[in-house]
Amino acid sequence: MNSSRTCLITGANSGIGRVTALELASKGFDIIMLCRNLEKARPIRQEIKKVSKTGHVDLVWCDMASQLSVMQAAREVSDRHNRLDVLLNNAGLYIDKEQFSPEGIELTFATNHLGPFLLTNLLLNLLRKGTDPRIITVSSEAHRWDGGFILEELAKPRKYNGLWAYGASKLCNILFASELAKRLAGDGITSNSLHPGAVKTNFGQSISSVQSFIFNLMRPFFISPERGAETSIYLASSPDVQGQTGLYFAKCRPKVPSAAAQSQHNASQLWALSEQLTQLKSRLVAV
């Protein structure tokens, strides 16, 4: 009988997702990589396999911006695996100019929040079969830049601002993780979110001139992906956090998020909107 733990990581082929996958594989986890770019992901899969204690590294294609792709990926994972112990919602996107998902939803919100919201809900039955099951959602201190949380403008902003859209999506991550913790309280599944730190990765390379100038000034102070992955690895593997749920972590410790991120009203309103935009109830029946 396979006694290793299985961890699914979105965006596992680069940045902190790659580092997290490598570290957890070396600790004895079976890894499921959910990646949009298979060409880039395949060599990383081999890299992870080399350090893996179990040799089990699965790769599934998924574009988190597309709800149909998320549904297809959830089906594939459910067909190929009989349980899931850790789900790490890691993939994230920053875009400078407004774009829309295949469903016509603002792309940052669609990728950073709705994709993980749908994927997590579709994989709950697999997590219920796991041991000490954990859901971890990578947020950011950028959740404090949301520019005023306007629920009605998440899917279709009246005026687009890349930093505000990103900040709002990261606020959604914390609200989702805490609302999920409440909803899963009786299931023994924990749900936490985290800030990885300001990490040196390819993230945000499409940023416009003024914002790019600011980012480049800050870049020497950014931390390595190895350090940025520490809290994700800790939440996925440490016995210290067993049973801890509904918290926001930074540097492997609980941290108090913004007032907007602590609002039960925001959390329940966001959940209702997310259910509607993903047609969750009918899609749970379909999977």
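- As named in an unreviewed UniProt entry, the chain is SDR family oxidoreductase, taken from Larkinella insperata.

## Here we look at the sheet that holds strand β4 (residues 86-89)
Thought 1: The sheet built from 8 strands is open, its strands ordered β3-β2-β1-β4-β5-β6-β7-β8 with mixed pairing. Taken across any chain shown, the strands that pair with only one partner, and hence form the sheet edges, are β3 (57-61) and β8 (253-254).
Thought 2: Looking at chain direction, strand β1 (residues 6-10) and strand β2 (residues 30-35) are connected through 5 bridges and run parallel. When the sheet's bridge partners are listed, Thr-10 is paired in β2 with Leu-34.
Thought 3: Taken strand by strand, helix α6 (residues 162-183) contacts β4, β5 (134-138), β6 (190-195) and β7 (248-250), and its axis lies near 160 degrees from that of β6.

## Description of helix α2 (residues 38-51)
Thought 1: Across its 14 residues, α2 extends 20 Å between first and last C-alpha, which sits within 8% of the 20 Å expected from 1.5 Å per residue.
Thought 2: Looking at α2, one finds that the buried residues are Ala-41, Ile-44 and Ile-48. Projection of α2 onto a plane perpendicular to its axis shows the buried side chains occupying an angular sector of 70 degrees, all on one side. Opposite the packed face of α2, turned more than 90 degrees from it, sit the exposed residues Glu-39 and Lys-50.
Thought 3: Looking at the buried side of α2, the elements it contacts are α1 (15-26), β2 and β3.
Thought 4: Sitting at the head of α2, Asn-37 places a side-chain oxygen 3.1 Å from the backbone nitrogen of Glu-39.

## Remarks on the side chain of Asn-266
Thought 1: Take Asn-266: it is sitting in helix α10 (residues 264-278).
Thought 2: Here the side chain of Asn-266 touches Ala-260 through a polar contact of 3.0 Å, landing on its backbone oxygen.
Thought 3: Other than its neighbours up to four places away in sequence, Asn-266 contacts Phe-149, Leu-175 and Ala-260.

## Things to note about unusual backbone geometry
Thought 1: One non-glycine residue, Lys-251, lies in positive phi territory at about 50 degrees.
Thought 2: Relative to the helices and strands, Lys-251 is located in the loop between β7 and β8.
Thought 3: Assessed through its relative accessible area of 68%, Lys-251 is described here as exposed.
Thought 4: Phi is positive for Cys-252, close to 65 degrees, though the residue is something other than glycine.
Thought 5: By secondary structure assignment, the location of Cys-252 is in the loop between β7 and β8.

## Remarks on the nonpolar core
Thought 1: Grouped together as the largest cluster of nonpolar side chains are 29 residues, with contacts concentrated most on Cys-7, Ile-9, Leu-24, Ile-31, Met-33, Ile-48 and Ile-136.
Thought 2: Elements with a minimum of two residues in this core: β1, α1, β2, α2, β3, β4, β5 and α9 (230-237).
Thought 3: Sort the elements by how many residues they give to this core and α1 lands first, with 6 residues.
Thought 4: Dropping the residues within four chain positions of it, Ile-136 is found in contact with Val-86, Leu-87, Leu-88, Asn-89, Asn-192, Leu-194, Ser-232, Leu-235 and Ala-236.
Thought 5: Core analysis: the second largest hydrophobic core is formed by 28 residues, Leu-87, Leu-118, Leu-180 and Leu-280 among them.

## Details of the packing of helix α4 (residues 107-122) against α6
Thought 1: At a minimum axis separation of 8 Å, α4 and α6 run at an interaxial angle of 15 degrees. Classified by the angle between their axes, α4 and α6 sit roughly parallel to one another. The handedness of the crossing between α4 and α6 is right-handed. Residue-level inspection shows Thr-108, Phe-109, Asn-112, His-113, Pro-116, Phe-117, Thr-120 and Asn-121 of α4 in contact with α6, the latter providing Ala-165, Tyr-166, Ser-169, Lys-170, Cys-172, Asn-173, Phe-176 and Leu-180.

The rules behind the values
- Residues numbered from 1 in each chain as written.
- Predicted model: local features only at pLDDT ≥ 70, side-chain atom pairs only at ≥ 80, totals over all residues.
- Heavy atoms only, no water.
- Pairing = 2+ DSSP bridges.
- Helix = DSSP H or I, 4+ residues; strand = E, 2+ residues; numbered from the N terminus.
- Contact = heavy atoms within 4.5 Å.
- Axes fitted to C-alpha atoms, helices over the stretch in contact; angles between N-to-C directions.
- Expected span 1.5 Å × (residues − 1).
- Buried < 20%, exposed > 50% of the residue type's maximum accessible area, 1.4 Å probe, protein only.
- Arc of directions from axis to C-beta.
- Polar contact = N/O pair within 3.5 Å; in protein donor to acceptor, adjacent residues only side chain to side chain.
- Core = buried A, V, L, I, M, F, W, Y, C linked by side-chain atoms within 4.5 Å.
- Parallel < 35°, antiparallel > 145°, perpendicular 65-115°, else oblique.
- Left-handed = near helix turned anticlockwise from the far one by under 90°.

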